[in-house]
Amino acid sequence: MPSPHIPVITIDGPTASGKGTVAQKVAQHLGFHYLDSGALYRLTALSVMRRAIPLDDEHALAKAAEHLHCHFNGAHIFLANEDVSNDIRAEAVGNLASKIAAIPTVRQALFGLQLSFRQHPGLVADGRDMGTVIFPHAGLKVFLTASVQARALRRHKQLIDKGFSANMEDLSKDLTERDARDSNRSSAPLKAAEGAYLLDTSAMTADQAVEQVLSWYAAAKPV
Ligand code: CDP
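What counts as what
Residues numbered from 1 in each chain as written. Predicted model: local features only at pLDDT ≥ 70, side-chain atom pairs only at ≥ 80, totals over all residues. Heavy atoms only, no water. Core = buried A, V, L, I, M, F, W, Y, C linked by side-chain atoms within 4.5 Å. Buried < 20%, exposed > 50% of the residue type's maximum accessible area, 1.4 Å probe, protein only. Helix = DSSP H or I, 4+ residues; strand = E, 2+ residues; numbered from the N terminus. Contact = heavy atoms within 4.5 Å. Pairing = 2+ DSSP bridges. Axes fitted to C-alpha atoms, helices over the stretch in contact; angles between N-to-C directions. Left-handed = near helix turned anticlockwise from the far one by under 90°. Nonpolar A, V, L, I, M, F, W, Y, C, P; charged D, E, K, R; others polar. Parallel < 35°, antiparallel > 145°, perpendicular 65-115°, else oblique. Phe/Tyr/Trp six-rings, centres within 6.5 Å; stacked < 30°, edge-to-face > 60°.

K.L.:
Before we go on, may I ask you to explain the nonpolar core in this structure?
P.N.:
With 35 residues, the main nonpolar core has Leu 35, Leu 43, Leu 61, Ile 88, Leu 123 and Phe 135 as its most contacted residues. Going through the elements one at a time, helix H2 (37-50), helix H3 (58-66), strand S4 (76-79), helix H4 (91-100), strand S6 (123-127) and helix H7 (130-134) are the ones with two or more residues in this core. Here this core takes seven residues from H2, the largest share from any one element. Once residues within four sequence positions are removed from consideration, Phe 135 is found in contact with Val 8, Thr 10, Leu 35, Gln 114, Leu 115, Arg 118, Leu 123, Ala 125, Met 130 and Lys 141.

Have a look at this one:
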C-alpha cells in the first residue's frame with residue numbers, strides 16, 4: 001500500500017525541459033522508484049489514436065485512460081503486452097497527449113494509478129502537476145525550465161536518436177503551442193508548485209542539474 005510517509009521528490013516543467021532525464025538519474029542515485037507521468041498521458045493518447053476515438057467523445061477518452069493496460073519494466077513501457085517505448089515518443093502522440101490531458105475526467109482517471117507508484121523506499125515523479133496536484137506534500141519540489149531554443153535542440157536530438165525525423169522550426173512551434181496549452185488549461189495547469197525550487201537548465205548539463213537536485217534533497221527534510 002502506498003504510504004504518505006514514503007519520501008517523494010517532484011520534478012515538474014515544460015516540454016523537453018530535461019525533467020525526465022534528471023528525474024531518472026536522481027531516482028537511480030537514491031535507489032528510488034520513478035514515475036514518468038507524461039508516459040501515462042502518452043499511452044492514453046496512443047490507445048485513443050489506435051482506436052480512432054474522436055476528441056469530442058470525453059466519456060470514451062476517460063474510459064480509455066481508466067482502462068489503460070500498461071506496465072513499466074526499466075526503460076521499457078508496455079501497452080497491453082506490446083513494447084511501445086518508442087511509439088509513444090512520436091511528436092504526434094505528445095501533441096494528442098497534451099490535448100486529452102486538458103480534460104478533467106481523463107486526469108481523474110489517471111489519478112489513482114499515479115499515487116500507486118509511491119512505494120518504498122521512495123519516489124521521484126516527473127510531469128506537469130506532480131507538485132501541485134498529485135503529491136502536494138512532497139518533501140522536495142523542483143520546477144525545471146530551459147529556453148525554447150535549448151528545449152527544441154534537446155527534443156530534436158531525442159527524436160533523431162529514436163529514429164524519428166524532426167526539424168527545429170516545427171519543433172519550436174510545437175513546443176510553444178504545447179506549453180501554452182498545458183499552462184492555460186483550467187485543470188492542473190503547468191505551473192511551479194508553492195515552495196518549489198526553480199532550476200533553469202538552459203546552460204547546464206543533466207549531471208549538473210542532478211547534482212543540484214540531490215543537494216536540495218540532502219538539505220530538505222524528506223517527507
Ligand atoms: O516529453 P514531454 O515533456 O514533451 O511531455 P511528457 O512529459 O511526456 O507529457 C506529454 C503531455 O502529457 C504533456 O504535454 C502534458 O499535456 C501532459 N501531461 C500532463 O498534463 N500532466 C502530467 N503530469 C504529465 C504530462
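K.L.:
I'm lost on unusual backbone geometry in this one. Help?
P.N.:
Only a minority of non-glycine residues have a phi that is not negative, and only a minority of peptide bonds are not trans. Residue Pro 121 is bonded to the preceding His 120 through a cis peptide linkage, with omega at 0°. By secondary structure assignment, the location of Pro 121 is in the loop between helix H6 (111-115) and S6. Of note, the phi angle at Ala 16 is positive, near 60°, even though the residue is not glycine. Structurally, Ala 16 is set in the loop between strand S1 (8-12) and helix H1 (19-30).

K.L.:
Can you help me understand the sheet that holds S1 in this one?
P.N.:
Across a sheet, paired strands are connected by hydrogen bonds in the backbone, their directions being either parallel or antiparallel. If you trace the five strands from one edge of the open sheet to the other, you get S2-S6-S1-S7-S8, paired in parallel fashion. Taken across any chain shown, the strands that pair with only one partner, and hence form the sheet edges, are strand S2 (33-36) and strand S8 (197-200). For this sheet, the mean angle separating the axes of adjacent strands, direction not counted, is 20°. Examined bridge by bridge, strand S7 (residues 140-145) and S8 share four bridges and lie parallel to one another. Along S8, the bridge assignment pairs Val 142 with Tyr 197. Packing of helix H10 (residues 206-219) onto the sheet brings it into contact with S1, S7 and S8, and relative to S8 it is tilted by some 165°.

K.L.:
What exactly am I supposed to notice about the packing of helix H8 (residues 148-161) against helix H9 (residues 168-184) here?
P.N.:
The description of two helices packed together rests on the angle between their axes and the distance between the axes. Axis separation between H8 and H9 bottoms out at 9 Å; the angle between their running directions is 115°. Of the two possible hands of crossing, H8 and H9 adopt the one that is right-handed. Taken together, the residues of H9 that come into contact with H8 (itself represented by Val 148, Gln 149, Arg 151, Ala 152, Leu 153, Arg 155, His 156 and Leu 159) are Met 168, Leu 171, Ser 172, Leu 175, Thr 176, Arg 178 and Asp 179. The class makeup of the residues in the contact of H8 with H9 is seven nonpolar, four polar and four charged.

K.L.:
Which parts of the structure should I look at to understand the environment of Ala 75?
P.N.:
Positionally, Ala 75 belongs in the loop between strand S3 (70-73) and S4. Residue classification places Ala 75 among the exposed residues on the basis of a relative accessible area of 65%. Ala 75 sits 10 residues away from Ser 85 along the chain, and the two C-alpha atoms are 7.6 Å apart.

K.L.:
Is there a simple way to explain the packing of H1 against H10 in this structure?
P.N.:
Interaxial distance between H1 and H10 falls to 9 Å at its minimum, and their mutual angle equals 55°. As far as their axial angle goes, H10 and H1 are oblique. You can see that H1 and H10 cross each other, and the crossing is right-handed. For the pair formed by H1 and H10, the contact residues are Thr 21, Val 22, Lys 25, Val 26, His 29 and Leu 30 on the first element and Ala 206, Asp 207, Ala 209, Val 210, Val 213, Leu 214 and Tyr 217 on the second. Of the residues that constitute the contact of H1 with H10, the class distribution is nine nonpolar, two polar and two charged.

K.L.:
Just to check I follow, could you spell out the packing of aromatic side chains for this structure?
P.N.:
The relative placement of two aromatic rings is captured by the distance of their centres and the angle of their planes. A complete count under the given rule lists three aromatic pairs for this structure. Aromatic side chains Phe 32 and Tyr 217 sit 6.0 Å apart centroid to centroid with 85° between the ring planes, which places their arrangement in the edge-to-face category. Taken together, the residues Phe 32 in the loop between H1 and S2 and Tyr 217 in helix H10 connect sequence positions 185 residues apart. Owing to a relative accessible area of 14%, Phe 32 belongs among the buried residues under this scheme. Given a relative accessible area of 11%, Tyr 217 falls into the buried group.

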